[in-house]
Amino acid sequence: LKSVNKDDELITRIDIESTDKRIIYQKISAATAKQKPSGIFVSSSRVFRVAEFLVDHKQHKDIYLIGYDLIDNNIKFLEEGVVDILISQKPIDQGYKSVISLFNHMILHKEVNTTQHLPIDIIIKENIKYYINN
């Protein structure tokens, strides 16, 4: 748990390595005991665990929640309005570029760029159906 004041706003970082729901709940409870956050960013696909916590503690309407990955649990909470934004990293495109780069390097003996840029998609409740259907 690490807190920093930035421009008169408190930013608290919590590193939770466990995927166990009970441990996640304990860490979030400890971090939010003194001051309720206005927003939470989850830098993994486990944003649904934080969403579950917020629903269980009846805080889901008061806290802006952002996370990664279009997995079923995350999509469910996005559609319910608990998660506000999901960031899609386009895993199929990432895999495709990886295989093509490997092919170009190993078979064609081409030099491959060490940095490959891919766009990300910002998914909200209003555009999730369009995104999934395409």
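Structure first, text after, so check above.
What comes next is a walk through the structure.

## Comments concerning the sheet that holds strand β5 (residues 85–88)
- One open sheet holds the four strands; their spatial order is β3-β4-β5-β6, and the pairing between them is mixed. Lying at the two open borders of the sheet, with one neighbouring strand each, are β3 (39–41) and β6 (121–123). When strand polarity is set aside, the average angle formed by the axes of neighbouring strands in this sheet is 15°.
- Pairing of β3 with strand β4 (residues 64–68) involves three bridges; the strand directions are parallel. If you follow Ile40 over to β4, its bridge partner there is Leu65.
- In the packing of helix α2 (residues 47–56) onto the sheet, the strands contacted are β3, β4 and β5, and the crossing angle to β4 comes to about 155°.
- Lying on the sheet, helix α3 (residues 72–79) is in contact with β4, β5 and β6; it crosses β5 at an angle near 145°.

## Considering the nonpolar core
- By size, the foremost hydrophobic cluster in this structure holds 21 residues, and its most contacted members are Ile40, Val50, Leu54, Leu65 and Val83.
- Of all the secondary-structure elements, those providing two or more residues to this core are α1 (21–32), α2 and α3.
- Ranked by the residues each element gives to this core, the list is headed by α2, at six residues.
- Discounting chain neighbours no more than four positions away, the residues touching Val50 are Ile28, Ile40, Val42 and Leu65.

## Digging into the side chain of Ser101
- Note on placement: Ser101 falls in helix α4 (residues 91–106).
- Given a relative accessible area of 14%, Ser101 falls into the buried group.
- Within the local environment of Ser101, its side chain forms a polar contact with the side chain of Gln116, the two groups lying 3.0 Å apart.
- Here Ser101 is in contact with Val112 and Gln116, once residues within four sequence places are set aside.

## Digging into the pairing of β4
- Judged by which residues are buried, β4 turns out to be one-sided: Leu65 and Gly67 face inward and are buried, whereas Tyr64, Ile66 and Tyr68, on the alternate face, are not.
- Handedness of the β-α-β unit built from β3, α2 and β4 comes out right-handed.
- Pairing of β4 with β5, which is carried by three bridges, proceeds in the parallel orientation. If you follow Tyr68 over to β5, its bridge partner there is Ile87.
- Crossover handedness for the path β4 to α3 to β5: right-handed.

What counts, and where the lines are drawn
Residues numbered from 1 in each chain as written. Predicted model: local features only at pLDDT ≥ 70, side-chain atom pairs only at ≥ 80, totals over all residues. Heavy atoms only, no water. Pairing = 2+ DSSP bridges. Helix = DSSP H or I, 4+ residues; strand = E, 2+ residues; numbered from the N terminus. Axes fitted to C-alpha atoms, helices over the stretch in contact; angles between N-to-C directions. Contact = heavy atoms within 4.5 Å. Core = buried A, V, L, I, M, F, W, Y, C linked by side-chain atoms within 4.5 Å. Buried < 20%, exposed > 50% of the residue type's maximum accessible area, 1.4 Å probe, protein only. Polar contact = N/O pair within 3.5 Å; in protein donor to acceptor, adjacent residues only side chain to side chain. Right-handed = clockwise from strand over helix to strand, strands pointing away.

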